[in-house]
Amino acid sequence: MDCLFCKIVNGSIPATIVKQTEKITAFNDISPQAPTHILIIPNIHFENMGKLSEADEKLSGEMLREASAIAKDLGLDSWRININTGASAGQSVFHAHIHLLGGRTFAWPPG
Ligand code: AMP
Ligand code: ZN
């Protein structure tokens, strides 16, 4: 499948990998929106987090747990998780992912 994030998982496209397990890969976003901006993705392809959650509750939970663990490892005391599902919500890569953002103050409501 011609998917950018599948290629990052299998190493055919380079990325700055923060953590990789049997289930997930975490890497720095190429266009960071905060001092810390890491993407946590499943190693297997799902189109978005909605589809992944419906198919594999355990994996979606594990992704959240990894996001929290990475935030803790980085010493972030305040951080935001963002999940864009669908183009009008801002999804541009159609392989499920969680954005982990930290290191600055965030506004609410989001744009
Ligand atoms: P979204 O807009 O929620 O689908 O998020 C996709 C994210 O992937 C964006 O924040 C992009 O900056 C990021 N991105 C796109 N290409 C790459 C890449 N080659 N390496 C790392 N991050 C990427
Ligand atoms: Zn993929």
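Preceding this section is the structure that the text describes.
Given the structure is predicted, the values throughout are model-derived calculations rather than measurements.

Draft legend 1. Inspection of the overall build of the protein at higher detail. For the protein, the helix and strand inventory stands at three helices and five strands. In terms of overall dimensions, the protein has a C-alpha envelope of 35 × 30 × 25 Å along the principal axes. The contacts of the protein with a sequence gap of at least 6 include a subset with a gap of at least 24, amounting to 52%. Accessible surface, the protein as shown: approximately 6500 Å² in total, 52% of it carbon and sulfur. For the protein, the distance from the average site of its 9 positive side-chain charges to the average site of its 11 negative ones is 3 Å.

Draft legend 2. Representation of the coordination of the zinc ion (ligand 2) within the structure. Taken together, the protein donors to the zinc ion (ligand 2) comprise Cys 3 (SG), Cys 6 (SG), His 45 (ND1) and His 95 (ND1), at separations of 2.0 to 2.3 Å. Coordination geometry of the zinc ion (ligand 2): the four donor atoms subtend angles of 104 to 116° at the metal centre, consistent with an arrangement described as tetrahedral. Overall, the relative accessible area of 19% leaves Cys 6 in the buried class.

Draft legend 3. Looking closely at the environment of Trp 79. Along the chain, Trp 79 turns up in strand S4 (residues 79–82). You can call Trp 79 partly exposed: its relative accessible area is 33%. Between the alpha carbons of Trp 79 and Thr 36 there is a distance of 9.0 Å; along the sequence they are 43 residues apart. Ignoring sequence-local partners within four residues, the contact set of Trp 79 consists of Ser 68, Ala 71, Leu 100 and Leu 101.

Draft legend 4. Broad picture of the site of ligand 1. Taken together, 16 residues sit near ligand 1, with Asp 29, Asn 84, Gly 90, Ser 92 and His 99 positioned nearest. Between ligand 1 and Asp 29 there is a distance of 2.5 Å, counted from an oxygen atom to a side-chain nitrogen or oxygen. Residue Val 93 places a main-chain N or O atom 3.0 Å away from an oxygen atom belonging to ligand 1. Compared with its free state, where it exposes 510 Å², ligand 1 has 84% of that area covered by protein. Among the elements of the structure, helix H1 (4–10) and strand S2 (24–28) are those that each provide at least two residues to the shell around ligand 1.

Draft legend 5. View of the packing of aromatic side chains. This structure, assessed with the given rule, holds one aromatic pair. Centre to centre, the rings of Phe 5 and Phe 27 are 5.4 Å apart; their planes meet at 80°, and the pair counts as edge-to-face. You can see Phe 5 sitting in helix H1 and its partner Phe 27 sitting in strand S2, a full 22 residues away along the chain.

Draft legend 6. Looking closely at the pattern of salt bridges. For the structure on display, the rule yields three salt bridges. Across the salt bridge formed by Asp 2 and Lys 7, the nearest N and O atoms sit 2.6 Å from each other. With a relative accessible area of 70%, Asp 2 lands in the exposed category. One salt bridge in this structure joins Glu 66 and Lys 19, with 2.7 Å as the shortest N-O distance. Linking Glu 66 in helix H3 (residues 57–73) with Lys 19 in strand S1 (residues 17–20), this pair joins segments that are 47 residues apart in sequence. With a relative accessible area of 6%, Glu 66 lands in the buried category.

What counts, and at which threshold
Residues numbered from 1 in each chain as written. Chains lettered and ligands numbered in written order. Predicted model: local features only at pLDDT ≥ 70, side-chain atom pairs only at ≥ 80, totals over all residues. Heavy atoms only, no water. Helix = DSSP H or I, 4+ residues; strand = E, 2+ residues; numbered from the N terminus. Contact = heavy atoms within 4.5 Å. Areas by Shrake-Rupley, 256 points an atom, 1.4 Å probe, with all protein chains shown as cover. Lys, Arg positive; Asp, Glu negative; His and termini not counted. Charge placed at Lys NZ, Arg CZ, Asp CG, Glu CD. Donors = N, O, S within 2.8 Å, 3.2 Å for Na, K, Ca; no water. Tetrahedral: all angles 85-135°; square planar, octahedral: opposite > 155°, others 65-115°. Buried < 20%, exposed > 50% of the residue type's maximum accessible area, 1.4 Å probe, protein only. Near = heavy atom within 4 Å. Polar contact = N/O pair within 3.5 Å; in protein donor to acceptor, adjacent residues only side chain to side chain. Phe/Tyr/Trp six-rings, centres within 6.5 Å; stacked < 30°, edge-to-face > 60°. Salt bridge = Lys/Arg side-chain N within 4 Å of Asp/Glu carboxyl O.

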